[in-house]
Amino acid sequence: MNPHTQTKLSRRRLLQTGGALAVYFSLRDPLDALAQGAPPPKLPGSLDKFPLLDSWIKIDANGAITVFTGKAELGQGIKTAFIQLAAEELSVEPGDLTLVTADTGRTPNEGYTAGSHSMKDSGTAIQNAAAQVRGLLLDLAATRFNMPREQLKPQRGTVVAADGRVLRYAELVAGLDLHRPAVPGAPKADPKTYTVIGKPLPRVDIPAKVTGGLAYVQDMRPDGLVHARVVRPPNPAAKLKALDSQPVEQMPGVIKVVRDGSFLAVVAAGEFQAIQAMNALSSLAQWEGQANLPKQANISDVIRALPAQDTVILNQGSLGQASGRALKATYHRPYQMHGAIGPSCALAQFKDGTMTVWTHSQGVYPLRDSLAELLRMPKEQVHCIHTEGSGCYGHNGADDAAADAALIARAVPDRPVRVQWMREQEHGWEPYGPAMVTEVQAALDADGKIADWQYEVWSNTHSTRPGGAGNLLAALHLAQPFAQPAPTPIPQPEGGGDRNGIPLYAVPNARVTSHFIPAMPVRVSAMRGLGAYMNVFSIESFMDEMAALAGTDPVEFRLRHLEDTRARDVIALAAKEFGWKPNEPLPKGRGRGFAFARYKNLAGYAAIALDVEVERETGVVQIGRVVAAVDSGQVVNPDGIRNQIEGAIVQSASWTLYESVGYSEREITSRDWGSYPILRFPAMPSKIDVHIIDRPGQPFLGTGEAGQGPASAAIANAVASATGVRMRSLPLSPARVKAAIGI
Amino acid sequence: MTELIVNGERHTVDVDPATPLLYVLRNELKLNGAKFGCGLGQCGACTVMLDSDPVFACLIPIVAVDGRRVRTVEGLGTAEHPGPVQRAFMDEQAAQCGYCIPGMIMRAQALLERKAGASEDDIRQHMEPNLCRCGTHMRILAAVKRAAVTMRSAEKPSRQREAGR
Ligand code: FES
Ligand code: FES
């Protein structure tokens, strides 16, 4: 049925329910306008793609309200924020709503839960749909009371009339038809009257998580569950040459050894039995073929030497006019990993011709399509249900584990199969955040302002998400393998490797070039913030270098180049709350740093000030106090924003100070937390304060990735302030710091 | 057959004695709290208490806990009636994905039972074996400090009672 027929039908139904409502709709029906040849009006957020109200909200005969989103809870608190939005606009208590998240059988296809898009896309859709549904309920009540709408008020699941009469939503739903398109401009609640939006509602998922409730895909134990483990090749190029799996098949509990080309797995009744069988299988398997990884030490040169597709993403004024002093610098980022604490896991069941997969993938629909291709099944017969896992921070092993589970489940029909990766597999096979190189040169004018700015960034793709069976790890290992789709750059304004590559600062003459490198020496994909982490690290480090060249305080120097008042506001607030004073003398070994970015140049603003102490003997950088100021637009849950920014700062501190994937020419050598150390408790900052600038009524800008970039540069700037040495290669590990300060 | 006492309840399980405690808790006893993180004793996601010590359940074979008292996060309270450490984690909203949290709670519980007056520095050192990737550390520290305060004040009256005896 096409949406238009649906509208017509629903209108006919409406005409039977009351004149007022029918008029309301015939005036505003976007599909009517469409029928008359006018372009469809733009609907807010994801409503534009899924305009039917009942894609987002259903109210059953008892008045029970269910809200649907195509986005997934990743630990960012999105469920709670969506419930707040719907509760506010529907005038019900948050506890009165049920929220259904990403499920190919039930929710709209909102693609990936990524890029800090959830609030902007899905939050906006839910808010507007809920506002419109409330309007419809008021209209129905107006007809029933025979009273103008202005004399009615929604209140906790009821409509109250000025004369005191009350109707519960449940009493109105008989006349309510939500199978109709949304309209633009449905009146929303006035931010001044908010009682749920903007309040720190406790996260709905936390009670189960702190008490051992069923909270994760890892915790699912359907009847008849069997456990599986995969055996991966010793390196990405190896092929399974020979295997006598007979001894493994005789092991206790073993149900089946699954082999397809070089894809190898074992299914057992018990989980530890599956692990023992995996170990046995691994020692019996004979592989051939060697990987040829680049030398870790000169990965920057390797990246820069590979063929690139160049795009000039900013070209303004004419370079070479500057009269003042100039600087040039190159920055380096190694491969870094998502490193989920819980390795990737999925459940799958192949029953009655349908493959059902429970997955912590960030994109159930794209995964569904890719699995259908992998399994050579119609899409309609593959059902992906998002179920929370350990935090992922981008495209990690989640989708690959789902593919493993589906392939194995197909080999043991009817049984639910649970696959969980081992730690060594997660570390060794997740698609990493790409290694990158940036080069920047700039020159000052006579007034100490930047006149010329040239910036180049070299990077692999930042997305090999499925998108095609060939982006699923197991698909590369099958007897009939799928080819990995050719990577394509994510275009500006969001960008991939060049995300935040264009400075937000006003520079009259500027040229920014993005070198997109298709060939991947190591499998990579989206990691929180994509290129923004590295580009902001580079630009914000360089701004400090330029400020020093201009003989100016770095905060003042930034403000000198900023016109965007919201950017200026977060910078001023962070500086004030930190107590930033130009030229403040600091004790020996102590330093402070400042940095700012607007994520993607179009999302959340964040400014960070912090201090560090550098231990000269060891090169250890200890972060002290951190102050952040953030503007994410209209605040829905302030504590959610704070939690995300605190997390971003700590995670970025770990990337920035410790992290680099190790590899030899033959294999990945970072295989556990010993060979890929991350920040631990004793090294935590002494304090992190997050200050939020609320923008009532303004669009949601998202928060999840706003802090990582600024945190990295603030740390590097503080290290430079403490040691007098500028470090441009990530990570700023103790060995590197020690070497840089020459002890 | 191995006998174990988990959260005060006696269980007899028939598994390979080499099976790590973690898998028995999760699969045979269907307890979700202890999580698999690394299986290597490097992350603490599997932390439970054995008698009064925090241990990595992923490393301890079931035969080694025969007859000993195991405590998991389920034994501290429920969503409706959380224990003081769980309550403090809720009050501080100390979770992002939350996967590391049960292990954090059990390690903190062990410290606070031994030393309710633990200092900030004690807590940071004691929590060192447990990893969090979401960067929830500051809230976890705040929650443990908060729990220390409630557990201390709960302890005082009982000490006084004892002293009065
Ligand atoms: S799972 Fe036991 S320490 Fe990591
Ligand atoms: S809250 Fe996600 S790993 Fe700690």
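Values in this document were obtained by computation on a predicted structure and should not be read as measured data.

Analysis parameters
- Residues numbered from 1 in each chain as written.
- Chains lettered and ligands numbered in written order.
- Predicted model: local features only at pLDDT ≥ 70, side-chain atom pairs only at ≥ 80, totals over all residues.
- Heavy atoms only, no water.
- Helix = DSSP H or I, 4+ residues; strand = E, 2+ residues; numbered from the N terminus.
- Buried < 20%, exposed > 50% of the residue type's maximum accessible area, 1.4 Å probe, protein only.
- Contact = heavy atoms within 4.5 Å.
- Areas by Shrake-Rupley, 256 points an atom, 1.4 Å probe, with all protein chains shown as cover.
- Buried area = accessible area lost by both parts, 1.4 Å probe.
- Salt bridge = Lys/Arg side-chain N within 4 Å of Asp/Glu carboxyl O.
- Polar contact = N/O pair within 3.5 Å; in protein donor to acceptor, adjacent residues only side chain to side chain.
- Nonpolar A, V, L, I, M, F, W, Y, C, P; charged D, E, K, R; others polar.
- Domains from an automatic or database assignment.
- Pairing = 2+ DSSP bridges.
- Axes fitted to C-alpha atoms, helices over the stretch in contact; angles between N-to-C directions.
- pLDDT = per-residue confidence, 0-100.
- Phe/Tyr/Trp six-rings, centres within 6.5 Å; stacked < 30°, edge-to-face > 60°.

Undergrad: Would you explain the overall build of chain A in this entry?
TA: What chain A contains, in helices and strands, is 19 helices and 24 strands. Dimensions along the principal axes, computed over C-alpha positions, put chain A at roughly 85 × 75 × 50 Å. Counting only residues that meet the buried cut, chain A has 63% of its 743 residues in that class. Contacts in chain A between residues at least 24 apart in sequence constitute 78% of all its contacts with a sequence separation of at least 6. Surface accessibility of chain A: about 26100 Å² in total, with carbon and sulfur atoms responsible for 51%.

Undergrad: I tried to follow the interface of chain B and chain A on my own but got confused; where do I start?
TA: Interfaces are often sized by the accessible area lost when the parts come together. Across the boundary between the two partners, chain B contributes 53 residues, which contact 64 residues of chain A. Overall, the association of chain B and chain A removes approximately 4700 Å² of surface from exposure, summing both partners, and the carbon and sulfur fraction of that is 56%. One can count 5 salt bridges joining chain B with chain A. Across the pair K35 of chain B and D219 of chain A runs a salt bridge, and its minimum N-O distance is 3.8 Å. Seen at the junction of chain B and chain A, the total is 35 residue pairs in polar contact (both at pLDDT 80 or more). Listed by contribution, the elements that provide at least two residues to the side of chain B that touches chain A are α1 (21-28), α2 (84-91), α3 (101-114), α4 (120-126) and α5 (137-164) of chain B. Broken down by element, the residue count for the side of chain B that touches chain A peaks at 5 residues, all from α5 of chain B. Grouping the constituent residues of the side of chain B that touches chain A by class yields 28 nonpolar, 16 polar and 9 charged.

Undergrad: How should I be thinking about the domain arrangement of chain A in this particular structure?
TA: Residues and elements named next belong to chain A. What the domain assignment lists for chain A is domain 1 (3-205), domain 2 (217-289 + 338-429) and domain 3 (436-462 + 497-741). Look at where the C-alpha atoms of domain 1 and domain 3 centre, and you get two points 39 Å apart. Across the contact, 23 residues belong to domain 1 and 19 residues belong to domain 3. Between domain 1 and domain 3, a total of about 1300 Å² is buried, with carbon and sulfur atoms accounting for 56% of that surface. If you sort the residues of domain 1 by the area they bury against domain 3, G115, S116 and M119 come out on top, with a joint share of 33%. On inspection of domain 1 and its partner domain 3, the count reaches 0 salt bridges. Run the count over domain 1 and domain 3 and you get 10 residue pairs in polar contact (both at pLDDT 80 or more). Where the side of domain 1 that touches domain 3 is concerned, the elements lending two or more residues are α4 (78-90) and α5 (118-145). It is α5 that provides the largest number of residues to the side of domain 1 that touches domain 3, a total of 5 residues. Broken down by class, the residue content of the side of domain 1 that touches domain 3 amounts to 9 nonpolar, 11 polar and 3 charged.

Undergrad: Where do I start with the domain arrangement of chain B in this structure?
TA: All names here are of chain B. Considered domain by domain, chain B is made up of domain 1 (1-75) and domain 2 (77-165). Averaged C-alpha coordinates put domain 1 and domain 2 at centres separated by 21 Å. On the domain 2 side, the residues contacting the 18 residues of domain 1 number 15 residues. Of the roughly 1400 Å² buried at the junction of domain 1 and domain 2 (both faces included), carbon and sulfur atoms supply 57%. For the pair domain 1 and domain 2, the number of links is 1 salt bridge. A salt bridge links R71 to E113, with the shortest nitrogen-to-oxygen separation between them at 2.8 Å.

Undergrad: Teacher, can you tell me more about the sheet that holds strand β23 (residues 620-631) of chain A here?
TA: Whenever strands of a sheet pair, they do so through backbone hydrogen bonds, lying parallel or antiparallel. All names here are of chain A. Read across the sheet, 4 strands follow the order β21-β22-β23-β24 without closing on themselves; strand pairing throughout is mixed. Two strands lie at the open edges of the sheet, namely β21 (590-598) and β24 (687-692), each paired on one side alone. Here the average twist between neighbouring strands, direction ignored, is 15°. Taken strand by strand, helix α18 (residues 708-723) contacts β21, β22 (605-615) and β23, and its axis lies near 155° from that of β21.

Undergrad: Mind showing me how you'd approach the sheet that holds strand β2 (residues 9-13) of chain B here?
TA: All names here are of chain B. Read from one edge of the open sheet, 5 strands run β2-β1-β5-β3-β4, paired in mixed fashion. The sheet terminates laterally at β2 and β4 (53-56), the two strands that pair on one side only. The mean angle between the axes of side-by-side strands here comes to 40°, regardless of whether they run parallel or antiparallel. Pairing geometry for strand β3 (residues 47-50) and β4, over 4 bridges, is antiparallel. Following the sheet pairing, M49 is matched in β4 by P54. The sheet strands contacting α3 are β3, β4 and β5 (69-71), and the helix crosses β3 at an angle near 35°.

Undergrad: So what exactly am I meant to see when it comes to the confidence of the model for chain B here?
TA: One rule of thumb: low pLDDT means the predicted coordinates there are not for detailed reading. Here chain B averages 94 in pLDDT, and 94% of its residues register 70 or above. Under the prediction, the complex receives an ipTM of 0.95, its pTM being 0.94.

Undergrad: Can you help me understand the packing of aromatic side chains in this one?
TA: Centre distance and the angle of the planes are the two values used to describe a pair of aromatic rings. Applying the stated criterion across every chain yields a total of 10 aromatic pairs over all chains. Ring centres 5.4 Å apart and planes at 75° place the aromatic pair Y216 of chain A and Y99 of chain B in the edge-to-face group. In this pair, Y216 of chain A sits in the loop between α7 (206-211) and β7 (226-231) while Y99 of chain B sits in the loop between α2 and α3, so the two residues belong to two different chains. There is no split in this pair, since Y216 of chain A and Y99 of chain B are both buried. Between Y335 of chain A and Y663 of chain A, the ring centres sit 5.8 Å apart and the planes meet at 70°, which makes this aromatic pair edge-to-face. One end of the pair, Y335 of chain A, is in the loop between β13 (326-333) and β14 (345-351); the other, Y663 of chain A, is in the loop between α17 (638-658) and β24, with 328 residues separating them in the sequence.

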